[in-house]
Amino acid sequence: MRRRPTALAVCAAVIVAAACGGDAVTAAPPPPPMHPAPGAAGGGDPYYPDDGNGGYDAQGYQVGVTYDPPSGHLDGDTTVTAKATQDLSRFDLDLRGLDVHGVEVDGKPARFTREKAFELVVTPPEPIRAGTTFRTRVRYGGDPAKTPHDGGSENGWQHSADGGAYMVGEPHSAAFWFPVNETPRDKATFTLTAHVPPGWTVISNGREGPPGTWTEPNPVASYLTTIAIGKFSVDKSTLPDGTPVVSAYAPGTEDRRAIGDRLPEVIGFLSGKFGPYPQSAAGGIFLNEDVRFSLETQTRPTYAKWADLPTLVHENAHEWFGDSVSLENWSDICLNECFASYAQWLWAEREGQNLDDRYRAAIEITHASTDFWAQKLVSMGQGHEFEGVYNKGILALHALRRQIGDPAFDRLLHEWPSRYRHGNATWPDFEAMVTRISGKNLRAFFDDWFRGTALPADADLFPGSLRS
């Protein structure tokens, strides 16, 4: 009910204070009218248009799970804190498989439906105004290992050899076990509280709290979140700057400690090349699993059973290139993988290897291979993101180094992760920075090496000292 103002109230609201014998009071203007509309069902990446969602910016995930290893059953209770970027009548979260039992928005029950392969469509009890921070709680459950996945580097939820489970994958990972805005464009903080039976250990991202609780205060792209449940042996220490280090070894990986123990040395070397270590914690998850890949899960990379010291270097280089500075589009994956791969060469150079000789030998081997040179490093097409970045990408960066010279290249390696720390960047951003730092017009070089599908011209293939 709305009452008519009394004469005294009207007098108190007038601007001329002397008329009422007090200070002037100006009534607050009414809020503008809302124009609610559904948030987009995709995040905008051309290669994966259905991934992610629009209409809001995720701020943080508070993920709660209870997992029973013998049965493989997971119960989840996750709260997503987000800020509306438009007036929202409804919005989507990404969740693969698993049954949703209930959804609340700001503590009130909300309607929900499941659409397409992984859209959880939420209709709040009332529209959400643009600029408003809101919280969505989702309760769900099921056996995540039964959710189909595409294979390759999309691994899905897997049972481990010791009877536990682990979750790694790229580009899709998080939505297999919690509701999320699954696009690297929308990074957010992450907290996990996991309950498991006695005798099991939970390892995840960030800093460790009470048993089963992990918090990553730095924004993280969703595919870089992880959970591993197993019979781990856990080693704890700190880096010289006080950063906590937690490394977990699954049964059967005891010999991996010789590699894991070199992590402080590796991070120290990479910090010298790229600038201060950008993450809240460090360590590793060493699985006794023959996964086809290791993955740079933020703060704590996950390693397959075959991982060696160069793999340790590669995955920790990602803590700068890919984790702290994340790609905007999957077509720009070279910003992650080319640099992490080249870090292995930088480590080899530290060990005394002549990289120019190594480069020339690689060119001699691949010179006549049309398939090798046909691999594009930028805008390579959906499904081809991981084909050239681990081999041709290394050669391209070494050629770039010789093209612009060591002083400019060293500056680039420091300035790139500093300029875009904990954010997102694009390949055009990178080209612009190289051009500015070097003072050179490198359009032809980038066309030859990164967008080209043939052997580069001699001037770009053998720049600088590589001509010798």
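Remember, predicted model here, so these are calculated numbers, not experimental data.

Reading the values: the criteria
Residues numbered from 1 in each chain as written. Predicted model: local features only at pLDDT ≥ 70, side-chain atom pairs only at ≥ 80, totals over all residues. Heavy atoms only, no water. UniProt positions renumbered as here; feature names shortened; annotations may be inferred. Helix = DSSP H or I, 4+ residues; strand = E, 2+ residues; numbered from the N terminus. Domains from an automatic or database assignment. Contact = heavy atoms within 4.5 Å. Buried area = accessible area lost by both parts, 1.4 Å probe. Salt bridge = Lys/Arg side-chain N within 4 Å of Asp/Glu carboxyl O. Polar contact = N/O pair within 3.5 Å; in protein donor to acceptor, adjacent residues only side chain to side chain. Buried < 20%, exposed > 50% of the residue type's maximum accessible area, 1.4 Å probe, protein only. Phe/Tyr/Trp six-rings, centres within 6.5 Å; stacked < 30°, edge-to-face > 60°. Lys NZ or Arg CZ within 6 Å of the ring centre and 35° of its normal.

**Focus: the UniProt feature "domain: Peptidase M1 membrane alanine aminopeptidase" (unreviewed entry) in the protein**
Here is step 1: Taking the numbering used here, the UniProt-annotated feature "domain: Peptidase M1 membrane alanine aminopeptidase" (unreviewed entry) corresponds to residues 310-449.
Here is step 2: For the annotated span residues 310-449, helix accounts for 62% and strand for 4% of the residues, and the straight-line distance between the end C-alpha atoms is 24 Å.

**Remarks on the domain arrangement of the protein**
Here is step 1: Assigned domains of the protein: these are domain 1 (37-225), domain 2 (232-324) and domain 3 (330-461).
Here is step 2: Computed over C-alpha atoms, the centres of domain 1 and domain 3 are 34 Å apart.
Here is step 3: Listed per partner, the contact involves 12 residues of domain 1 and 15 residues of domain 3.
Here is step 4: Summing both sides of the interface, domain 1 and domain 3 together bury roughly 1,100 Å²; the carbon and sulfur share of this comes to 52%.
Here is step 5: There are 0 salt bridges connecting domain 1 and domain 3.
Here is step 6: Applying the counting rule to domain 1 against domain 3 returns 8 residue pairs in polar contact (both at pLDDT 80 or more).

**Observations regarding the pattern of salt bridges**
Here is step 1: Taken as a whole and assessed by the stated rule, the structure comprises 19 salt bridges.
Here is step 2: Taking the shortest distance from any N to any O, the salt bridge between Asp 357 and Arg 360 comes out at 3.1 Å. A residue pair is termed a helical-turn pair when its members lie 3 or 4 positions apart in one helix, as Asp 357 and Arg 360 do in helix 6 (residues 355-366) at 3 residues.
Here is step 3: Given a relative accessible area of 45%, Asp 357 falls into the partly exposed group.

**What about the packing of aromatic side chains?**
Here is step 1: A full pass over the atoms with the stated rule returns 30 aromatic pairs.
Here is step 2: Judged by centre distance (4.8 Å) and plane angle (25°), the rings of Phe 286 and Tyr 303 are stacked. One end of the pair, Phe 286, is in strand 19 (residues 282-286); the other, Tyr 303, is in strand 20 (residues 302-303), with 17 residues separating them in the sequence. Side by side, Phe 286 and Tyr 303 carry an identical accessibility label, which is buried.
Here is step 3: Site record: aromatic cluster; members linked through ring pairs are Phe 274, Tyr 277, Trp 320, Phe 321, Phe 339, Trp 416, Tyr 420, Trp 427, Phe 430, Phe 445, Phe 446 and Phe 450.
Here is step 4: Geometry around Trp 200 places Lys 231 over its ring, the cationic atom sitting 4.2 Å from the centre.

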